[in-house]
Amino acid sequence: MRIDVLTIFPSFFDVLEVSLLGKARGAGLLDVRVHDLRDWTHDRHRTVDDTPYGGGAGMVMKPEPWGEALDAVTEGSERPVIVFPSPAGEVFSQRTARALVETDHLVFGCGRYEGIDERVFAYAATLGEVRLMSLGDYVLNGGEVAAMAMIEAVGRLIPGVVGNPESLVEESHEDGLLEYPSYTKPSSWRGYEVPPILLSGNHGAIADWRRAQQIVRTRERRPDLMPGE
Ligand code: SAM
């Protein structure tokens, strides 16, 4: 999978060098190209923002650098998915990550200030499939952290990135519920015990217990996810 990131803070993405995604890049499973949006400006100050038409607080990202940057990173690509992180977008979820991992080419356009001139989204839609995506119902300073989260959520679903593919299936949100609690050795630690069922070796009973724990947890912590309740 190829991912292009457009940002005025490319160094935010240095962490993609480490951990599983770093290894995936090294192994050629993931081709991430991070670009400085200012490379597509033409003035001495490398300006990417201006005051909003109609007045109001803050600055808006100018369309011209975005237009040139999008032209450059989508050239030769067959309608990539172009994601603009935005608190005014649809909420990103595991289901979205599963859908995005099916695409060959993803572009992330990271906004700053009060956001990007609205015409950029219409133009981008002539180059690819545009998705405005929110990390959640709160406001960040820029799209970088949101894009990083989405890249990690999608990247770990690329076959071969996570060593044991089964660990991806048994996770929170994969079957609509939160994951069951996990324990490792020692079985007794500072007076806290591992639930005896997990030491029983009875795989059927363990599976039933885990399922029940998923339901209890989801009902307690995320009742909005409980089907029909
Ligand atoms: N004025 C915008 C609004 O009210 O919708 C918020 C702009 S925010 C300060 C600057 C940038 O941060 C946005 O363009 C977007 O790229 C990013 N951003 C902020 N909150 C986000 C969120 N919850 N999810 C995804 N991106 C977000």
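Residues numbered from 1 in each chain as written. Predicted model: local features only at pLDDT ≥ 70, side-chain atom pairs only at ≥ 80, totals over all residues.

Within an unreviewed UniProt entry, the label attached to the chain reads tRNA (guanine-N(1)-)-methyltransferase, and the organism entered is Microbacterium candidum. Under Subcellular location (unreviewed entry), UniProt gives the following word-for-word description of the chain: "Cytoplasm". Word for word, the UniProt comment on the chain under Catalytic activity (unreviewed entry) is "guanosine(37) in tRNA + S-adenosyl-L-methionine = N(1)-methylguanosine(37) in tRNA + S-adenosyl-L-homocysteine + H(+)". (UniProt positions renumbered as here; feature names shortened; annotations may be inferred.)

Chemist: It is not clear to me how the nonpolar core should be interpreted in this structure. Could you clarify?
Modeler: In summary, soluble globular proteins display a tendency toward joint burial of nonpolar side chains. Formed by 40 residues in total, the largest nonpolar core has its most connected members in I3, V5, V83, F108, A147 and M150. Ranked by residues supplied to this core, first place goes to helix α5 (residues 144-155) with six residues. Discounting residues that sit within four places of it in the chain, V5 has contacts with F13, V32, V34, H35, F108, C110 and A147. (Core = buried A, V, L, I, M, F, W, Y, C linked by C-beta atoms within 7 Å. Buried ≥ 20, exposed ≤ 12 C-beta atoms within 10 Å, placed from the backbone. Helix = DSSP H or I, 4+ residues; strand = E, 2+ residues; numbered from the N terminus. Contact = placed C-beta atoms within 7 Å.)

Chemist: Got a minute to help me understand the pairing of strand β5 (residues 81-91) in this structure?
Modeler: Two faces, one strand: in a regular strand the side chains alternate between the faces of the sheet. Where β5 and strand β6 (residues 105-109) come together, three bridges link them in parallel fashion. Across the sheet, the residue bridging to V81 is L106, located in β6. (Pairing = 2+ DSSP bridges.)

Chemist: Any chance you could explain the site of the ligand here in plain terms?
Modeler: Inspection of the region around the ligand gives 19 residues, with P85, G111, L140, G143 and A146 positioned closest. With four residues, the single largest contributor to the shell around the ligand is β5. For the shell around the ligand, the class distribution of residues is nine nonpolar, eight polar and two charged. (Near = placed C-beta within 6 Å. Nonpolar A, V, L, I, M, F, W, Y, C, P; charged D, E, K, R; others polar.)

Chemist: Mind showing me how you'd approach the sheet that holds strand β7 (residues 129-134) here?
Modeler: Strand-to-strand pairing in sheets goes through backbone hydrogen bonds, with the strands running parallel or antiparallel. The strand order across the open sheet formed by five strands is β2-β1-β6-β5-β7, and the pairing between neighbours is parallel. Edge positions in the open sheet fall to β2 (31-36) and β7, since each of these has one partner strand only. Strand after strand, the sheet turns through a mean of 30° between neighbouring axes, direction not considered. (Axes fitted to C-alpha atoms, helices over the stretch in contact; angles between N-to-C directions.)

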